[in-house]
Amino acid sequence: MQRRTILQASAATAVTLAAPMIKAQSLPNGPIRIVVGFPPGGGTDALARVLAQKLQAMWNLTIVIDNKAGAAGVIAADYVAKQPADGNTLLMAHINSHALATSLQPKLGYNVERDFTPIGLVGVTPNLLICNENQAAKTVKDLVALCKRSPGQISFASAGGGSAQHLALEMFKLRAGIDALHVPYKGSGPALIDLIGGQVQYCFETMTSATPHVKSGKAVALAQTRTKRAKGHPNVPTMDEQGFAGFDATTWYGLVGPAKLNPSFVKRINEDMNRVMAMSDVMEKFDQYGAEDGGGTPERFAEFIRSETQKWAKVVKEAKVQVDA
């Protein structure tokens, strides 16, 4: 109401006119699209919908989730990088598109620092190492032994070549000294369908998308991949606890827009994102999904992206990971 009152107020001087102009630009005209680089049913999609629902009610603006799956989120990121900086098109950025692709795809069609405006970190989640209920090896120790008995034959799904799930597998293979079969999918949703159906055996999957299947008993959690246990899964041991000291392979999500977004809009949406993530029902849902440590300023998010990019560049080099561009 305050914003509307200011917009309707008349002003006698150029100074008093300046404030309403800034306010008028703080939200875009028309509906907002939040582009998600994965199909419905995955972790990125789930968190984007929680955020969109709350912001839509707060702003009284229509917010649409636009799923543009493929290339582990890179297709969606490339699309948003080329959109007008009017605030109508945003991206639910992901570790895949904004930290991993830089090292994995030398011909990437965008530059993360040049072509995007960071808005805010939504959350950091562990991956869950999961299997379907029919697998015999249901501990990390037994899984390592199984892979060593059958090198290259035990299958691990991922949300795509070069995805966070794929890189978690590569880290596991390096640390355990094993060979395993990587089976890439176009997102977490289809990967989980095949895991539960028995077409693939194991997966490092985002806690956000794996949690409903673990809670229902259709999937079994062997481990989580942060060095501390997430609140949502206090009984699932970490990889660190099971003999892989310092094993840290997270998935994270954040909101970005095209380069040169209006600073007043960036400030407004960042502040409102922080308000949403402080709501008790949102906190409860994020805890269930394992999404923690979100919030903060756009500058904090930008620095976080830089540090993650450097970390995973080292893993890609050591594991000699290659994916199709």
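Up top you'll find the structure we're talking about.
How each quantity is defined
- Residues numbered from 1 in each chain as written.
- Predicted model: local features only at pLDDT ≥ 70, side-chain atom pairs only at ≥ 80, totals over all residues.
- Heavy atoms only, no water.
- Axes fitted to C-alpha atoms, helices over the stretch in contact; angles between N-to-C directions.
- Helix = DSSP H or I, 4+ residues; strand = E, 2+ residues; numbered from the N terminus.
- Parallel < 35°, antiparallel > 145°, perpendicular 65-115°, else oblique.
- Left-handed = near helix turned anticlockwise from the far one by under 90°.
- Contact = heavy atoms within 4.5 Å.
- Nonpolar A, V, L, I, M, F, W, Y, C, P; charged D, E, K, R; others polar.
- Polar contact = N/O pair within 3.5 Å; in protein donor to acceptor, adjacent residues only side chain to side chain.
- Salt bridge = Lys/Arg side-chain N within 4 Å of Asp/Glu carboxyl O.
- Buried < 20%, exposed > 50% of the residue type's maximum accessible area, 1.4 Å probe, protein only.

A few words on the packing of helix H9 (residues 188–197) against helix H10 (residues 207–216). Packing of H9 against H10 brings their axes to within 10 Å, and their N-to-C directions diverge by 30°. The orientation of H9 relative to H10 falls into the category roughly parallel. The two elements H9 and H10 meet at a crossing, and its hand is right-handed. In contact with Ser188, Leu192 and Ile196 of H9, H10 contributes Ser209, Ala210 and His213. When grouped by side-chain class, the residues that make up the contact of H9 with H10 number three nonpolar, three polar and no charged.

Relative to the elements of secondary structure, Tyr110 occurs in the loop between helix H5 (95–104) and helix H6 (112–115). Taking the C-alpha atoms as reference points, Tyr110 and His98, separated by twelve residues in sequence, lie 10.0 Å from one another. Excluding its chain neighbours within four sequence positions, the residues that come into contact with Tyr110 are Val74, Ala77, Asp78, Ala81, Ser97, Ala101, Asp115 and Phe116. A polar contact of 2.8 Å, which involves the side chain of Tyr110, links it to the backbone oxygen of Ser97.

Looking now at the pattern of salt bridges. Throughout the structure, instances matching the rule amount to 18 salt bridges. A salt bridge links Arg49 to Asp45, with the shortest nitrogen-to-oxygen separation between them at 2.8 Å. Taken as a pair, Arg49 and Asp45 lie in helix H3 (residues 43–59) at a separation of four residues, close to a single helical turn. Of the residues examined, Arg49 reaches a relative accessible area of 38% and is grouped as partly exposed. According to the relative accessible area criterion, Asp45 is buried, its value standing at 5%. Residue Asp281 pairs with Lys54 through a salt bridge whose shortest N-O separation is 2.7 Å. Highlighted residues: Asp281 in helix H12 (residues 280–289) and Lys54 in helix H3, separated in sequence by 227 residues. Residue class for Asp281 comes out partly exposed when judged on its relative accessible area of 37%. A relative accessible area of 22% places Lys54 in the partly exposed class. Look at the salt bridges and you will find they share partners, linking Arg226, Lys228, Glu292 and Asp293 into a network.

Interaxial distance between H5 and helix H13 (residues 298–319) falls to 8 Å at its minimum, and their mutual angle equals 45°. By the criterion of interaxial angle, the relationship of H5 to H13 is oblique. Where H5 crosses over H13, the two elements pack in a sense that is right-handed. Contacts between H5 and H13 involve Ile95, His98, Ala99, Leu100, Thr102, Ser103 and Leu104 from the first element and Ile305, Glu308, Thr309, Trp312, Ala313 and Val316 from the second. Class assignment for the residues of the contact of H5 with H13 results in eight nonpolar, four polar and one charged.

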